[in-house]
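Architecture at a glance
Residues per chain, in single letters:
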Amino acid sequence: MKRKRFNYSLILIFLFTVGLVIIDTILTEEASGHYPFIWSLSLIPIILITNKYPKWKVIIGSGIFYSILKYTTEFSQKINPDNSEISALILGSFINWSITLTFGYYIIKSYKLLLKVEELTITDSLTGIYNRRYLELFMEKTIPISKRTNSSLVFMLLDIDHFKKVNDDYGHQCGDEALKHTSSIINKNIRNSDAFVRFGGEEFAVILPNTDVAEALIIAERIREAVEKSEFIYKNERIHFTISIGVSFYNGGTVEEFIERSDIALYKAKENGRNQIAIIK
């Protein structure tokens, strides 16, 4: 059993917050002119919080919290502060808020860019579905769960029949549209818990966790039939194509062996005439 990692950032945030109050209280009489400088240290916990939760509501909420803490601490020590002290507090708040909103903007922008880069590394640019990289990550997570819970795991390999002929007769742009058309149909006929990836070329893969033989065959047949009956029209011409599907169940071994068994099943479906399902239990 994995031990939970201790969250040191929360301790730092707490220490900085308590430290601000203590420092301000100690230096009240001796350094009244430095209040804005002292409370600028609140930017440190706000930065830590923003890095952990890069959202505007968190940034603004943190800023409001430290502003309230600042004014509560100050006015609890001086019942009737003079105008210069109030002006210093307001000016300090203005500066801190300006800095907070500025670095908040850039942190959120960087975070969104990072998410986009991560998405691009696991997404197929043509079809918009996941790619082989995502498949590797998904299998790394799913196979140990399948072993631990003793639940069935299905790998389904799907291949467009005579796809080369579609490319040769109508061009590669038509082939690209056929791939997008097929991926859309497959995606509509699987479950939210299933992983769907473009395996390569005209091949797709669907990984079905916690799925028995009967249910896997129902899903595979539903996909096969949907593709066969679908209307794919390219430049006002209806182009008919089908898919073959190879299905295997995880029974131990490596990911490569698991995939290879589905590939063998797919080859069997092709040999038997295409537009059908072959299974290896």
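In the block above lies the structure referred to throughout.
Each value, and the rule that gives it
Residue positions are given per chain, counted from 1 along the sequence in the order it is written. Confidence filtering applies because this is a predicted model: local features only for residues at pLDDT of at least 70, side-chain atom pairs given and counted only at 80 or more, and all residues used for totals across whole chains, interfaces and linings. Hydrogens are left out, water is left out, and the side-chain values use all remaining heavy atoms of the structure. A run of H or I in DSSP becomes a helix once it reaches four residues, and a run of E becomes a strand once it reaches two; helices and strands are each numbered from the N terminus. The globule rule is 2.2 Å times the number of residues to the power 0.38, and the radius of gyration it is compared with is taken over C-alpha atoms. The rule is simple: take the accessible area with a 1.4 Å probe, protein chains only, and divide by the maximum for that residue type; under 20% is buried, over 50% is exposed, in between is partly exposed. Any two residues whose heavy atoms approach within 4.5 Å are treated as being in contact. Accessible surface is estimated by sampling points in the Shrake-Rupley manner with a 1.4 Å probe; for residues, cover comes only from the protein chains shown. Charged residues are defined narrowly, with Lys and Arg counted positive, Asp and Glu counted negative, and His plus the chain ends left uncounted. Here the site of a charge means atom NZ of a Lys, CZ of an Arg, CG of an Asp or CD of a Glu. As used here, the term nonpolar core means buried Ala, Val, Leu, Ile, Met, Phe, Trp, Tyr and Cys residues forming a set that is joined through side-chain atoms within 4.5 Å. Within this analysis, patches are made of residues with over 30% relative accessible area and no salt bridge. Like charges are joined at 9 Å or less; nonpolar side chains (Val, Leu, Ile, Met, Phe, Trp, Tyr) at 5 Å or less. Here a salt bridge means any side-chain nitrogen of Lys or Arg lying within 4 Å of a carboxyl oxygen belonging to Asp or Glu. Each Phe, Tyr or Trp ring (for Trp, its six-membered ring) is paired with any other whose centre lies within 6.5 Å, and the angle between the two planes then decides the class: stacked below 30 degrees, edge-to-face above 60, tilted in between. For two strands to pair, DSSP has to find at least two bridges joining them. Think of each axis as a best-fit line through the C-alpha atoms, taken over the contacting stretch in the case of a helix, with angles from 0 to 180 degrees between the N-to-C directions. Here the arc refers to the directions that run from the helix axis out to each C-beta atom. Our angle categories are set so that under 35 degrees counts as roughly parallel, over 145 as roughly antiparallel, 65 to 115 as roughly perpendicular, and the remainder as oblique. By the definition used in this description, the sense in which the near helix is turned from the far one sets the handedness, with an anticlockwise turn below a right angle giving left-handed and a clockwise turn giving right-handed. Basically, the charged four are Asp, Glu, Lys and Arg, the nonpolar ten are Ala, Val, Leu, Ile, Met, Phe, Trp, Tyr, Cys and Pro, and anything else, Gly included, counts as polar.

**Structural notes on the overall build of the chain**
- Scanning the chain from terminus to terminus reveals 10 helices and 7 strands.
- Relative to the 2.2 N^0.38 estimate, which gives 19 Å for 281 residues, the radius of gyration of the chain is 30 Å and therefore markedly larger than a compact globule would have.
- Expressed along its principal axes, the backbone C-alpha trace of the chain runs to roughly 90 × 50 × 25 Å.
- The proportion of buried residues among the 281 residues of the chain is 41%.
- Put simply, 67% of the contacts in the chain that link residues at least 6 apart link residues at least 24 apart.
- Accessible area of the chain: about 16600 Å², with a carbon and sulfur share of 59%.
- The centroid of the 33 positive side-chain charges in the chain is displaced by 3 Å from the centroid of its 32 negative side-chain charges.

**A few points about the nonpolar core**
- M156, L158, I186, F204, V206 and I223 are the most contacted members of the largest nonpolar core, which totals 30 residues.
- Broken down by secondary-structure element, the contributors of at least two residues to this core are β1 (153-160), α7 (163-170), α8 (172-188), β3 (203-209), α9 (213-229), β4 (232-234) and β6 (243-249).

**Here we look at a negative patch on the surface**
- A cluster of like negative charges, contributed by E256, E257, E260 and D263, occupies part of the molecular surface.
- Tracing the sequence through the fold places E257 in helix α10 (residues 255-271).
- Assessed through its relative accessible area of 42%, E257 is described here as partly exposed.

**Concerning the packing of aromatic side chains**
- Scanning all chains against the criterion turns up 9 aromatic pairs.
- Aromatic pair F155 and F199: ring centres 6.3 Å apart, planes at 75°, arrangement edge-to-face. With F155 in strand β1 and F199 in strand β2 (residues 195-200), this pair connects stretches of sequence that are 44 residues apart.
- We classify F199 as buried; its relative accessible area is 13%.

**Here's the deal with unusual backbone geometry**
- Positioned with a positive phi, H162 is a non-glycine residue whose angle comes to about 50°.
- Locating H162 in the fold gives a position in the loop between β1 and α7.
- We note that R274 has phi near 70°; this positive angle belongs to a residue other than glycine.
- Position of R274 among the secondary structure elements: in the loop between α10 and β7 (277-280).
- Residue class for R274 comes out partly exposed when judged on its relative accessible area of 31%.

**Here we look at the sheet that holds β6**
- Pairing is mixed in the open sheet, where 5 strands are placed in the order β2-β3-β1-β6-β7. Bordering the open sheet on either side are β2 and β7, each of which pairs with just one other strand. Between one strand axis and the next, the sheet turns by 20° as a mean value, whatever way the strands run.
- Two strands pair when backbone bridges link them, and β2 and β3 are joined in this way by 5 bridges, in the antiparallel orientation.

**Looking at α7**
- Buried residues of α7: F163, V166 and N167, and no others. Looking down the long axis of α7, one finds its buried residues gathered within 95° of arc, a one-sided arrangement. Pointing more than 90 degrees away from the buried face of α7 are the exposed residues K164, K165 and D168.
- Tucked inside the fold, the buried residues of α7 contact β1 and α8.
- Taken from the residues just after α7, G171 is the one with a positive phi, measuring 100°.

**Considering the environment of I129**
- Relative to the elements of secondary structure, I129 occurs in the loop between α5 (83-121) and α6 (132-149).
- As for I129 and Y250, which are separated by 121 residues in sequence, their C-alpha atoms are 23 Å apart.
- If sequence neighbours within four positions are ignored, I129 has contacts with I122, T123, D124, S183, F196, V197, R198 and F204.

**Quick word on the packing of helix α3 (residues 43-52) against α5**
- Here α3 crosses α5 at 20°, and the two axes come no closer than 11 Å. Judged on the interaxial angle alone, α5 and α3 are roughly parallel. As for how α3 packs across α5, the hand of that crossing is right-handed. Each of L43, I46, I47, T50 and N51 in α3 lies in contact with α5, whose residues at this interface are N96, I99, T100, F103 and I107.
- Looking at the contact of α3 with α5 residue by residue, the class counts come to 6 nonpolar, 4 polar and no charged.

**Let's talk about the pattern of salt bridges**
- Tallied over the full model, the rule gives 12 salt bridges.
- The closest approach of N and O atoms between K165 and D169, which form a salt bridge, is 2.7 Å. Residue K165 and its partner D169 are both found in helix α7; the two are separated by 4 residues, about one turn of the helix.
- Classification of D169 by relative accessible area gives partly exposed; the value is 46%.
- The shortest N-O distance in the salt bridge between E225 and K229 comes to 2.6 Å. Of this pair, E225 and K229 both sit in helix α9, separated by 4 residues, roughly a single helical turn.

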